[in-house]
Amino acid sequence: MLAVHGLRKAFGERVLFDVPELHIGRGQAVVLTGINGAGKSTLMRMLAGLEPAPGAQVTLDGTAMPLTPYPAALRARIAYVHQHPYLFRTSVRANIAYGLKASGLKAHDVAARVDAALAWAGIEGICETPPHRLSGGEIQRVALARAWALDPDLLLLDEPTSNLDGAAREQVIALVGDLVTKGKSLLMICHDRDLIALPGITRWKLSEGRLTVRAPQAKAEAEPAGRA
Ligand SMILES: Nc1ncnc2c1ncn2[C@@H]1O[C@H](COP(=O)(O)OP(=O)(O)OP(=O)(O)O)[C@@H](O)[C@H]1O
Ligand SMILES: [Mg+2]
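Anyway, here's the lowdown on the structure attached to this text. (Residues numbered from 1 in each chain as written. Chains lettered and ligands numbered in written order. Predicted model: local features only at pLDDT ≥ 70, side-chain atom pairs only at ≥ 80, totals over all residues. Heavy atoms only, no water.)

1. Looking at the nonpolar core
And step 1. In this structure, I96, I123, V142, L157, V176, L186 and M188 are the most contacted members of the largest nonpolar core, which totals 42 residues.
And step 2. The element that contributes the greatest number of residues to this core is helix 5 (residues 136–149), accounting for 7 residues.
And step 3. Sequence-distant contacts of I96, defined by excluding residues within four places in its chain, comprise V114, A117, L118, I123, V142, A145, R146 and A149.
And step 4. In this structure, L22, L60, L74 and L211 belong to the second largest nonpolar core, which totals 32 residues. (Core = buried A, V, L, I, M, F, W, Y, C linked by side-chain atoms within 4.5 Å. Buried < 20%, exposed > 50% of the residue type's maximum accessible area, 1.4 Å probe, protein only. Helix = DSSP H or I, 4+ residues; strand = E, 2+ residues; numbered from the N terminus. Contact = heavy atoms within 4.5 Å.)

As structure tokens, this is what we get:
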């Protein structure tokens, strides 16, 4: 679905990464790992159009174009979820509806899509809570619902479970697992072992400026024995 050539970031003499090419296929789920400061978030932000990527070329469904300035075709098809998502201080509903309205959808269709997103993320019960009163796990689920509602071709998630534990972490893992099962194209940065171990995930590692790719494990292999 998406190929990027010549993704490179340097600060003066220091080359953070130099990635000659990367590919994300339709329905492919990729987890990007690497030590702190390896450049994972920077790379993802380039793919999201939030960081300039001079010289990089993107090929989308066979059509090549520069990645900077960010092509409208990509903006319409990629949704990015920040590690610490920002919610407008309006309402949970309005946060999820925002991008849908901006895309020109009719009010009736926006409402139906917001309802579907609330149900998907299991957050109907908090849709009247002011966003600034939500817990970290709830904010993460609202942000995932907001991205899901847009039905993007590719989802970019930067550490969706960092700072979460217990039930909040498990709820987010379940949502990401659902995206993977449903065949959503996904690139996710994470250190969470349970997310990395999801069946069918391709692993990328960013190390010393290079990206290495490991093919997914077969489903049976990836699931630890004894687990239902
Ligand atoms: N303007 C700048 N000048 C020099 N170095 C910078 C600049 N901006 C960012 N960096 C460095 O780029 C590196 C990459 O940061 P990035 O956030 O992409 O890493 P990361 O792999 O996502 O790390 P983490 O796992 O901690 O989130 C960091 O070492 C950071 O200090
Ligand atoms: Mg990061």
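2. Regarding the environment of L100
And step 1. With respect to the helices and strands, the residue L100 is situated in helix 3 (residues 92–102).
And step 2. According to the relative accessible area criterion, L100 is buried, its value standing at 3%.
And step 3. Once the C-alpha coordinates of L100 and V114 are considered, the two residues, 14 residues apart in sequence, prove to be 8.7 Å apart.
And step 4. Not counting the four nearest positions on each side in its chain, L100 is found in contact with L105, V110, R113, V114, A149 and L150.

3. Some remarks on the sheet that holds strand 10 (residues 210–214)
And step 1. One open sheet holds the 6 strands; their spatial order is 6-7-8-3-9-10, and the pairing between them is mixed. Looking at strand neighbours, the two that pair on one side only are strand 6 (78–81) and strand 10, the edges of this open sheet. Here the average twist between neighbouring strands, direction ignored, is 20 degrees.
And step 2. Sheet topology note: the strand 3 (residues 29–33)/strand 9 (residues 201–207) ladder contains 5 bridges and is parallel. Residue V31 lies in a different strand from strand 9, and its bridge partner there is R203.
And step 3. Where helix 1 (residues 40–47) meets the sheet, it contacts strand 3, strand 6, strand 7 (154–158), strand 8 (185–189) and strand 9, and its direction lies at approximately 150 degrees from that of strand 8.
And step 4. On the sheet, helix 5 packs against strand 6 and strand 7 and is oriented at approximately 175 degrees with respect to strand 6. (Pairing = 2+ DSSP bridges. Axes fitted to C-alpha atoms, helices over the stretch in contact; angles between N-to-C directions.)

4. Thoughts on the site of ligand 1
And step 1. Around ligand 1 sit 13 residues in total, of which N36, G37, K40, S41 and T42 are the nearest.
And step 2. Here an oxygen atom of ligand 1 and a side-chain polar atom of K40 are 2.8 Å apart.
And step 3. S41 is positioned with one of its side-chain polar atoms (N or O) 2.9 Å from an oxygen atom of ligand 1.
And step 4. Look at ligand 1: alone it shows 650 Å² of surface, and the protein chains cover 57% of it.
And step 5. Those elements that place two or more of their residues in the shell around ligand 1 are strand 2 (14–24) and helix 1. (Near = heavy atom within 4 Å. Polar contact = N/O pair within 3.5 Å; in protein donor to acceptor, adjacent residues only side chain to side chain. Areas by Shrake-Rupley, 256 points an atom, 1.4 Å probe, with all protein chains shown as cover.)

5. Description of the side chain of E159
And step 1. Checked against the element boundaries, E159 lands in the loop between strand 7 and helix 6 (166–181).
And step 2. With sequence-adjacent residues up to four places away left out, E159 is seen in contact with Q83, I189 and H191.

6. Considering the side chain of S185
And step 1. Inspection of the secondary structure puts S185 in strand 8.
And step 2. In terms of polar contacts, S185 uses its side chain to reach the backbone carbonyl oxygen of D153, at 3.4 Å.
And step 3. Not counting residues up to four positions away in its chain, the partners in contact with S185 are M1, G25, R26, G27, Q28, D153, L154 and L155.

7. So, helix 5
And step 1. Given a rise of 1.5 Å per residue, 14 residues ought to cover 20 Å, and the 20 Å separating the end C-alpha atoms of helix 5 matches this to within 8%.
And step 2. In terms of burial, helix 5 is largely enclosed, as 11 of its 14 residues are buried.
And step 3. Among the residues making up helix 5, those that are buried are G137, Q140, R141, V142, A143, L144, A145, R146, A147, W148 and A149.
And step 4. Among the structural elements, strand 6, helix 3, helix 4 (107–121), strand 7 and helix 6 are those in contact with the buried residues of helix 5.
And step 5. Where helix 5 terminates, the next one or two residues include D151, which has phi positive at roughly 50 degrees. (Expected span 1.5 Å × (residues − 1).)

8. So, a nonpolar patch on the surface
And step 1. Side chains of Y86, F88 and Y98 sit close together on the surface and give an oily, nonpolar patch of about 360 Å² of accessible area.
And step 2. Residue position: Y86 is located in the loop between strand 6 and helix 3.
And step 3. Using a relative accessible area of 58% as the deciding quantity, one classes Y86 as exposed. (Patch = residues over 30% accessible without salt bridge, like charges linked within 9 Å, V, L, I, M, F, W, Y side chains within 5 Å. Salt bridge = Lys/Arg side-chain N within 4 Å of Asp/Glu carboxyl O.)

9. Considering unusual backbone geometry
And step 1. With an omega of -5 degrees, the peptide bond running from T68 to P69 counts as cis.
And step 2. Although it is not a glycine, D151 adopts a positive phi angle of roughly 50 degrees.
And step 3. If you trace the backbone, D151 turns up in the loop between helix 5 and strand 7.
And step 4. With a relative accessible area of 49%, D151 lands in the partly exposed category.
And step 5. Of note, the phi angle at E208 is positive, near 50 degrees, even though the residue is not glycine.
And step 6. Tracing the sequence through the fold places E208 in the loop between strand 9 and strand 10.

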